[in-house]
Amino acid sequence: MKKFVPAISIVLFPYTIVFCLYCIFSGFLMESVFQNNAYLFLLILIIIWVVALVCAISICAVSLVEKWDFIELSRANMLIKTVSIPAYLVIFVISAACMITIFGFALSIILMIFDMMSIVLSGLIGISAVKRSYDSKAISANEMILYGVLQFVFCADVATSMIVFYKSKKVSRVDKNSPYAIIRE
């Protein structure tokens, strides 16, 4: 599991957005953390996103080249996506509240862009999990294409990550050579 430590930055990005939103709506933190500078706020988010993007691309590439265990990869994908759910809910609720007034409309658009940026991060890990599951014959080619596309769709990404993990786990129970195999005698 040490190889998934860079994935922490992928989970950290949506929670950084939530923290920045909290700072915006609490005057004290915006003044003390960002010195009332919205550009500093955006700069920190972009830096964290770029670091997370580099980590996501490296995990994706290394997992495919080194042929990481498909169950472990699909479990990590599922955890990344489920742990991020509370942050996505907070961002959605604040964005929906900002849509009510004309003054908050721009903030809603910015939050939508940040949400898209964060789903790209988790989607890259999802793509590698889907591809490794296909390589291990846990899912078919059609399922690989469908699940690969759904890794970049909100709500569907969580469901498909659970499905891929379940199917991968099911295949490992059948495969007697797998370290995760359950052999009943």
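Structure's up top.
Here is a short report on the structure shown in this document. (Residues numbered from 1 in each chain as written. Predicted model: local features only at pLDDT ≥ 70, side-chain atom pairs only at ≥ 80, totals over all residues. Heavy atoms only, no water.)

### Side note on the nonpolar core
Counting residues in hydrophobic clusters, the biggest one holds 32 residues, and the most contacted among them are Ile10, Phe13, Ile17 and Leu45. Sorting the residues of this core by element identifies helix H1 (8-25), helix H2 (27-34), helix H3 (38-65), helix H4 (70-83), helix H5 (85-98) and helix H6 (105-135) as the ones contributing at least two each. Ignoring sequence-local partners within four residues, the contact set of leucine 45 consists of Phe13, Thr16, Ile17, Cys20 and Phe114. Among the nonpolar cores identified, the runner-up in size contains five residues, and Phe70, Met78, Ala138 and Phe165 belong to it. (Core = buried A, V, L, I, M, F, W, Y, C linked by side-chain atoms within 4.5 Å. Buried < 20%, exposed > 50% of the residue type's maximum accessible area, 1.4 Å probe, protein only. Helix = DSSP H or I, 4+ residues; strand = E, 2+ residues; numbered from the N terminus. Contact = heavy atoms within 4.5 Å.)

### Here we look at the packing of aromatic side chains
We describe a pair of aromatic rings using the distance from one ring centre to the other and the angle between the two ring planes. All chains considered together, the criterion is met by two aromatic pairs. Ring plane angle 70° and centroid distance 6.3 Å describe the contact between phenylalanine 13 and phenylalanine 114, whose orientation is recorded as edge-to-face. Placement of phenylalanine 13 in helix H1 and of phenylalanine 114 in helix H6 is noted, with a sequence separation of 101 residues between them. You can call phenylalanine 13 buried: its relative accessible area is 0%. Seen from their ring centres, tyrosine 88 and phenylalanine 154 are 5.7 Å apart, and the 80° between their planes marks the pair as edge-to-face. Of this pair, tyrosine 88 sits in helix H5 while phenylalanine 154 sits in the loop between helix H7 (141-150) and helix H8 (156-174), placing them 66 residues apart in sequence. For tyrosine 88, a relative accessible area of 15% translates into the label buried. (Phe/Tyr/Trp six-rings, centres within 6.5 Å; stacked < 30°, edge-to-face > 60°.)

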